[in-house]
Structures are given as structure tokens and as C-alpha cells.
Amino acid sequence: MSTVLKVDHIEKYFGNKGNTTKAIDQISFEVERGEFVGIMGPSGSGKTTLLNCISTIDSVTTGKILINEQDITKLKTGKLDQFRRDELGFIFQDFNLLDTLTAFENIAIALTIQGRKPADITFLVKEVAEKLEITQVLNKFPYQMSGGQKQRVAAARAIVTDPTLILADEPTGALDSKSSRLLLDSFEKLNEELQATILMVTHDAFTASYAKRILFIKDGQIFNELIRGKDTRKEFFNRIIEVVTLLGGDTNNVL
């Protein structure tokens, strides 16, 4: 397997000289192609800041982040925009769909920006919609869809360009339990059948149990790591709960 993501001793400070906060403290880890990795931690632990740095939404103070062996911390604005467009797929808690476009058009946007041919766009959108079981909503607008359908459309938009890395930020946060399970089943299918590489931040142990490996963040550092191995999802869930308890504090703040 090849390394898709390498996070190398990164630090992130906020504030000025008189009042600084270290949100990330010497974090290093790697993600191999085809892995499904979850990131957990209590509020203020640095997990969202970490994802923002990897997604190029924010910049690190020190250290390096390499995606496909390219150091994204050194990319200038123009190159960064192109890199983000071609290499990364984003799935957010609040869907971020355009209300005036149909599901088909929302998914097709990224391909259109890349300059793909109309016939290719139609084929790729229908192909990913079939995989995520949203073919029936392609002609609907967001207001005509359920929350789960909107999130699966957002997931389709993220993966239709075949990005190197899919970044998911609390993807089930706005969904009910049934919709969450459908979305997570889709993630599992994409990971196992298409070898999609997924990095997901979540506060929810059930959501995290779908990943194959979990990094736990506390006070800006990696506190622990769990590898699912041959565990069932229920067994992995129980192991996750054990680590959450070790993190201390109010577990409701983590789960």
C-alpha cells in the first residue's frame, strides 16, 4: 500500500504574542491508500483544527503535511485551489448543497469545473448515484429531499471526481439514526469496493465504529490509537467507549 497522507510534526497556534493557544501540538501520523480513519476527541481537543489544516482550509504554524507526496504547506493560492479541486473531496455536516440546483447538478459541479465532457459528466454522476442509492432524487432540488438523501448527494459530489482523499467533518451530525446508518453503510461500501481513502472527524462512537482505525486527540496531541482488525463493529464500538472513558471528563462531551 502507498501512503496518501503524511502529517509530520505539525503545530498550530492561534492568537498573538501576548495571548497564544496551541491547538495542535507535534502531531504526526500517516494514512495509507484505501484506509478509513476516524478522528475523535472532546470539544477543544484540536480534531477540527487538524482536519482544517489537512483540508487546506487553515495553515499550520510549523511542520509539514504531504498528500500524494506533495507538501501542501508550501503551495501558493493558485496551486492550492487547483490541488483542493483535483485531490480532495469534502463532506460537511450541513451538506452545503446549492438550493437552486438539482441533485444531479450539485454532483456535476466539480466535474464541470474540471472541464469534463457533458457525456462523461452524465455517466459519472449516474454511476456514483447508483452506488449511493440516490438515483431517484437526481432531478429533485434539496428542499424536496430528506436529510439523509441530501447528505448522500453531498457524498456523491465529494467522490465523483475520484479524489485522492475524502475528508468528512461530522458527516452524521445533522442526521437521524436511520439516515446516519444509510450514509455510513455507503461510506463502508465506497471504502471496501472502491478503495476510497476516508478521513472522518466525529464525536459519535457509533459513527466512528465504521472506520478501520481511530486516532484519539486530546489537548492537541494523539492520545491513543485503535485498529479494528477482525473485530465486529459492535466489538470495536465497545473498545472505542473504553478509550473515551480513559480520556476523562464528561463523556457526553465526546460521544
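Everything quoted here is computed from the prediction, not taken from an experiment.

What counts as what
- Residues numbered from 1 in each chain as written.
- Predicted model: local features only at pLDDT ≥ 70, side-chain atom pairs only at ≥ 80, totals over all residues.
- Heavy atoms only, no water.
- Core = buried A, V, L, I, M, F, W, Y, C linked by side-chain atoms within 4.5 Å.
- Buried < 20%, exposed > 50% of the residue type's maximum accessible area, 1.4 Å probe, protein only.
- Helix = DSSP H or I, 4+ residues; strand = E, 2+ residues; numbered from the N terminus.
- Contact = heavy atoms within 4.5 Å.
- UniProt positions renumbered as here; feature names shortened; annotations may be inferred.
- Salt bridge = Lys/Arg side-chain N within 4 Å of Asp/Glu carboxyl O.
- Axes fitted to C-alpha atoms, helices over the stretch in contact; angles between N-to-C directions.
- Parallel < 35°, antiparallel > 145°, perpendicular 65-115°, else oblique.
- Left-handed = near helix turned anticlockwise from the far one by under 90°.
- Nonpolar A, V, L, I, M, F, W, Y, C, P; charged D, E, K, R; others polar.

(A) Expanded view of the nonpolar core. Membership of the largest hydrophobic core comes to 48 residues, with the highest contact counts inside it found for Ile107, Phe187, Ile214, Phe216 and Ile240. Ranked by the residues each element gives to this core, the list is headed by helix H5 (residues 147-159), at 6 residues. Among residues more than four places away in sequence, those in contact with Phe187 are Phe36, Ile91, Ala155, Ala168, Pro171, Ile198 and Met200. Residues Phe29, Ile67, Leu199 and Ile217 belong to the second largest nonpolar core, which totals 29 residues.

(B) Molecular detail of the UniProt feature "domain: ABC transporter" (unreviewed entry) in the protein chain. Within this numbering scheme, the UniProt entry marks residues 5-244 as carrying the feature "domain: ABC transporter" (unreviewed entry). The distance from the first to the last C-alpha atom of residues 5-244 is 25 Å, and the span holds 38% helix and 27% strand.

(C) The arrangement of the pattern of salt bridges in detail. Using the criterion set out here, one finds 11 salt bridges in the structure. Between Arg84 and Asp81 there is a salt bridge; the shortest N-O distance is 3.1 Å. Of this pair, Arg84 and Asp81 both sit in helix H2 (residues 77-87), 3 residues apart, roughly one helical turn. The class of Asp81 is partly exposed, set by a relative accessible area of 39%. Two residues, Asp86 and Arg85, come together in a salt bridge whose shortest N-O distance is 3.1 Å. Classification of Asp86 by relative accessible area gives partly exposed; the value is 25%. Within the structure, one salt-bridge network assembled from shared partners comprises Glu11, Lys22 and Asp25.

(D) Expanded view of the packing of H5 against helix H6 (residues 177-194). In the contact formed by H5 and H6, the axes pass within 9 Å of each other and the chain directions differ by 20°. With respect to their mutual orientation, H5 and H6 come out roughly parallel. Regarding H5 and H6, the two cross each other, and that crossing is right-handed. Across the interface between the two elements, Gly148, Gln151, Arg152, Ala155 and Ile159 from H5 touch Ser179, Leu182, Leu183, Ser186, Phe187 and Leu190 from H6. Per-class residue counts for the contact of H5 with H6 are 6 nonpolar, 4 polar and 1 charged.

(E) Highlighting the packing of helix H3 (residues 103-113) against H5. Running from N to C, H3 and H5 point in directions that differ by 25°, and their axes come no closer than 7 Å. As judged from the angle between their axes, H3 and H5 are roughly parallel. H3 and H5 meet at a crossing whose hand is right-handed. Here Ala103, Asn106 and Ile107 of H3 lie close against H5, whose contacting residues are Val153, Ala156 and Arg157. When grouped by side-chain class, the residues that make up the contact of H3 with H5 number 4 nonpolar, 1 polar and 1 charged.

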